[in-house]
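Coordinates in review
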Amino acid sequence: MEYKTEQVQFQPCEADSPQVGDKLHQRRSANYRPNLWKYDFLRSLNNNNDLKEGIKERIERLVEEVKPMLSEAVDSLPKLELIDSMRKLGLSNLFVTEIKEALETVASTNGGVFNVEDRLYASALRFRLLRQHGHVVSQYELRMFKEGRNTLNGSNCEDVEDMIQLLEASHLALEGENILDEAKAFSTGIVQERVSGLDGQLLKRAVHALELPMHWRVQWFDIKWQIGLYEQQEDKQSNLLELAKLNFNTVQATHQRDLREISRWWRDLGLIEHVNFTRDRLVESFLCALGLSQESRFSSLRKSLTKVIILILVIDDIYDLYGSLEELECFTGAITRLATMPPNLYLSCLFSSFSLIGKSNASRWDSEQIQQLPDCMKVCFRALCDATYDIAYDIGKDEDWHRVLPHLTKAWEDFCRALLNEAKWDNMGYTPSLEEYLNNAWTSSSGPLILSHTYYFMGHMKLDDAADLLQRNKDLIYNVSMIIRLCNDLGTSTAERDRGDAPSSVVCYMREAKVSEDVARKHIKVLINQAWKRINARCFGNAERPFLRPFINVTVNAARVAHMLYQFGDGFGIQDGDIQQQILSIVIKRLAHN
């Protein structure tokens, strides 16, 4: 597969002064609402569950109590249901070895062949868990659903349970697995048909699966809902439930400390005072970073990704709303020169007397060009320079920061070039074909930019062939970035079209194929499904490179974050909707525990 971004030829900046752009270019506004999450409130967050006396010891005791449960379960189905509960409750990372051994036992039972007498529920659960954990499982193991099509009983709860499990399993399909495609269509139709007659837990699970399958959800964001459901089960394990609650509160305490620290950075940076047309969305940016990786040990990754994401929002709004084409060419040119600057020169310039507002003596920063830009763009450029160096140093420290920095600045250059392409189309009133749009949009989605930062944080920057490994995983990054872009377009295209933004994938396909918006949206959803199948091929493979597993997990989570962010509209633009509730549930409110 070929991945390309159309190259932009930069013209000399023709803005003679910061005021010229204002005369020639009408600044736009998206009328974004002010930030909901005040600094004093964020600084007051104080879930110190991980520091409370006796909590750590209690968790350790509960872990030791739960460990034998997997080996004590003699039959395969109880083992599978326990593993599934552990995953849903956010505990699988505490029992990695035990889960691995239990699944190996299940996989080897009956010579690795599914028992045709098993209920579809058990077969679908087995298929899903084995494939999620890297076992090779054929789609033919689920062909039994075809035989039962005519025997399903509309009033039989077991049949609905079967269909929910089949629906969840079908989303792990690879390209060409037609049986799983049929299973998805069939199970979705049955659950939709019968959901109105359900109640209680079964109704909740059916609606949940129809809204978004588990494989497309950020697991951590689903934990509170799953704990609430598990608590209502008659056969719940009290020690497993207590462990899930304590573990959630303990991990959340780390997340709150991360948020307090990053909120101080954002306040001290003072950037938002100069770019009041943009989205002030620090907490939403932190939620996205948290969605990529929740483990306590990745605190630095979360804080750095929050910096990257909030700067992406600001720069995206500069290109979409604020800058004239001449100004944007100047800004992109400055980023390009930054990306080609030797690290030591970058560092000396960074700590020079360079002033963004007013005259500068540091010509090495191409200050003549930067000085022609409006003050807000100067401040944004400096903030980006500072943050990128800080992140490179956080990754590489004294020894390796200079090896990491060129990769990070190159990722920013690619991102800004892609945004400039879109600004040129907008300026020309040009609507590209869907293919042309997507060739650029996978980069402007910010996926490659975010994931390049992630790659080096996961510990791979010390490998001599780091760039080569990133290239080999480009298909994974490409498909995840496609999902980010397409989910974004589905959630924001109507509002963007109303305010006159550049065309989205929805609009491009509508005009190219001469179809309605509903038809175009269905086509975009087909593309999302196709991208997930390609992701699955990498997600469930790579056994030969186990050291890449953490990076792959985080990368796939980026696609899941996109579904969460744009499922009910524009998660960044509209603050008082579903995303606000996600933040309250996952970051702010602790779980009640007696």
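Remarks on the packing of aromatic side chains
For the structure on display, the rule yields 15 aromatic pairs. Taking the centre distance of 5.6 Å and the plane angle of 10 degrees together, the rings of Trp216 and Trp532 count as stacked. With Trp216 in the loop between helix H10 (200-211) and helix H11 (223-231) and Trp532 in helix H24 (residues 517-539), the pair connects residues that are 316 residues apart, well separated along the chain. For Trp532, a relative accessible area of 1% corresponds to the buried category. Plain terms: the ring middles of Trp442 and Tyr478 are 5.1 Å apart, the flat faces sit at 65 degrees to each other, and that makes the pair edge-to-face.

Notes on helix H6 (residues 120-132)
In a regular helix each residue adds 1.5 Å, so 13 residues correspond to 18 Å; H6 covers 18 Å between its end C-alpha atoms and thus fits that length. Most of H6 sits out of view: 13 of its 13 residues are buried. The first or second residue beyond H6 is Gly134, which carries a positive phi of 90 degrees.

Focus: unusual backbone geometry
Of note, Lys397 is a non-glycine position whose phi angle comes to about 55 degrees, a positive value. Structurally, Lys397 is set in helix H18 (residues 375-428). At Lys514, a position not held by glycine, the phi torsion is positive, near 55 degrees. The residue Lys514 is located in the loop between helix H23 (505-513) and H24 in this model. Look at Lys514 and you get exposed, because its relative accessible area is 72%.

Topic: the confidence of the model for the protein
Parts of the prediction with low pLDDT should not have their coordinates interpreted in detail. Confidence in the prediction of the protein, expressed as mean pLDDT, is 86, and 85% of residues score 70 or more. Note that pLDDT drops below 50 for residues 1-23; the model gives that stretch 51 contacts with residues more than four away or on any other chain. Ignoring residues within four places in sequence, the model shows residues 353-365, a span with pLDDT below 50, making 37 contacts including any to other chains.

A look at the pattern of salt bridges
Under the definition given, this model contains 30 salt bridges. With its nearest N and O atoms 2.7 Å apart, the salt bridge here joins Asp181 to Lys533. Taken together, the residues span a long stretch of sequence, with Asp181 in helix H9 (residues 178-194) and Lys533 in helix H24 at a distance of 352 residues. Asp181 sits in the partly exposed class, given a relative accessible area of 28%. Of the charged contacts, one joins Asp489 and Arg485 as a salt bridge, the two residues approaching to 3.3 Å between their closest N and O atoms. Separated by four residues within a single helix, Asp489 and Arg485 lie in helix H22 (residues 474-498), roughly one turn from each other. With a relative accessible area of 10%, Arg485 lands in the buried category. Put simply, Glu64, Lys67 and Glu98 are held in one network by salt bridges that share partners.

Section: the packing of helix H14 (residues 299-322) against helix H15 (residues 325-339)
At a closest axis distance of 10 Å, the pairing of H14 and H15 adopts a crossing angle of 155 degrees. Here H14 lies roughly antiparallel to H15, going by the angle between them. Of the two elements, H14 crosses H15, and the hand of that crossing is left-handed. Residues Ile315, Ile318, Tyr319 and Tyr322 of H14 form the contact with H15, whose participating residues are Glu327, Leu328, Phe331 and Thr332. Classifying every residue of the contact of H14 with H15 by side-chain character gives six nonpolar, one polar and one charged.

Analysis parameters
Residues numbered from 1 in each chain as written. Predicted model: local features only at pLDDT ≥ 70, side-chain atom pairs only at ≥ 80, totals over all residues. Heavy atoms only, no water. Phe/Tyr/Trp six-rings, centres within 6.5 Å; stacked < 30°, edge-to-face > 60°. Helix = DSSP H or I, 4+ residues; strand = E, 2+ residues; numbered from the N terminus. Buried < 20%, exposed > 50% of the residue type's maximum accessible area, 1.4 Å probe, protein only. Expected span 1.5 Å × (residues − 1). pLDDT = per-residue confidence, 0-100. Contact = heavy atoms within 4.5 Å. Salt bridge = Lys/Arg side-chain N within 4 Å of Asp/Glu carboxyl O. Axes fitted to C-alpha atoms, helices over the stretch in contact; angles between N-to-C directions. Parallel < 35°, antiparallel > 145°, perpendicular 65-115°, else oblique. Left-handed = near helix turned anticlockwise from the far one by under 90°. Nonpolar A, V, L, I, M, F, W, Y, C, P; charged D, E, K, R; others polar.

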